[in-house]
Amino acid sequence: MRNKILNTALILIVVAVLAIFAFYVRVGATADQVVVLRTSGMTCGSCVKKITEALQSQGGVAAAEVDLESGLVVAGYDSKKTAPEKLAQAVRKSGFQSQVAQVITPQQFRSVVGRDVGGKAAPGGCCGPRGCGGAQ
């Protein structure tokens, strides 16, 4: 009898944890659009981190990527919760020049790049004692 009660309690706990996890996954941001921002002033991994954090703090952003070499910032977002210009403005507020270059669907992004937005880890760290070249 005691084992049956313990097993039932364990099952209830596992079901509760799974239900909480399922709710968390369901309410997370999903991308139905991808914005490509042409951004300048980025010099190092610290700049990448600052821009990524600025975008991810915006409601509706599911993933963000920054490419230093090309000067492009890509963000997958929920178009019901935010807009491309708001995301460019968030990047500008973090200290960089940024403008919307293109808006595409996640499927178009995948067909061109061969992966989903956010499938590439952004580099971290910084480039030296001076930081991001004054792009604060």
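Predicted model, so just to flag it, every value in this text is computed and none were measured.

Undergrad: Before we move on, could you go through the sheet that holds strand S2 (residues 61–67) and cite the residues and values that matter?
TA: Reading across from one edge, S2-S3-S1-S4 is the order of the 4 strands in this open sheet, with antiparallel pairing throughout. In the strand order of this sheet, the two ends are held by S2 and strand S4 (97–104), each with one partner. Taken over all neighbouring pairs, the strand axes of this sheet differ in orientation by 20° on average, direction set aside. Two strands pair when backbone bridges link them, and strand S1 (residues 33–40) and strand S3 (residues 72–77) are joined in this way by 6 bridges, in the antiparallel orientation. Bridging from a neighbouring strand, Leu 37 pairs with Val 73 of S3. Along the sheet face, helix H2 (residues 45–56) touches S1, S2 and S3 and points at about 160° away from the line of S2. Taken strand by strand, helix H3 (residues 84–93) contacts S1, S2, S3 and S4, and its axis lies near 155° from that of S4.

Undergrad: So what about the side chain of Thr 39? Which residues, and what values?
TA: Within the fold, Thr 39 resides in strand S1. In this structure the side chain of Thr 39 is engaged in a polar contact, spanning 3.0 Å, whose partner is the side chain of Ser 98. Aside from chain neighbours lying at most four places away, what touches Thr 39 is Ile 51, Gly 71, Val 73, Val 91, Phe 96, Gln 97 and Ser 98.

Undergrad: Describe the nonpolar core, listing the residues and the values that go with them.
TA: In this structure, Met 42, Ile 51, Leu 55, Val 73 and Leu 87 are the most contacted members of the largest nonpolar core, which totals 18 residues. Residue assignment for this core shows that the elements contributing at least two residues are S1, H2, S2, S3 and H3. In terms of residue count, H2 provides more of this core than any other element does, 4 residues in total. Counting 7 residues, the second largest nonpolar core, distinct from the first, contains Val 36, Ala 63, Val 74 and Ile 104.

Definitions and limits used
Residues numbered from 1 in each chain as written. Predicted model: local features only at pLDDT ≥ 70, side-chain atom pairs only at ≥ 80, totals over all residues. Heavy atoms only, no water. Pairing = 2+ DSSP bridges. Helix = DSSP H or I, 4+ residues; strand = E, 2+ residues; numbered from the N terminus. Axes fitted to C-alpha atoms, helices over the stretch in contact; angles between N-to-C directions. Contact = heavy atoms within 4.5 Å. Polar contact = N/O pair within 3.5 Å; in protein donor to acceptor, adjacent residues only side chain to side chain. Core = buried A, V, L, I, M, F, W, Y, C linked by side-chain atoms within 4.5 Å. Buried < 20%, exposed > 50% of the residue type's maximum accessible area, 1.4 Å probe, protein only.

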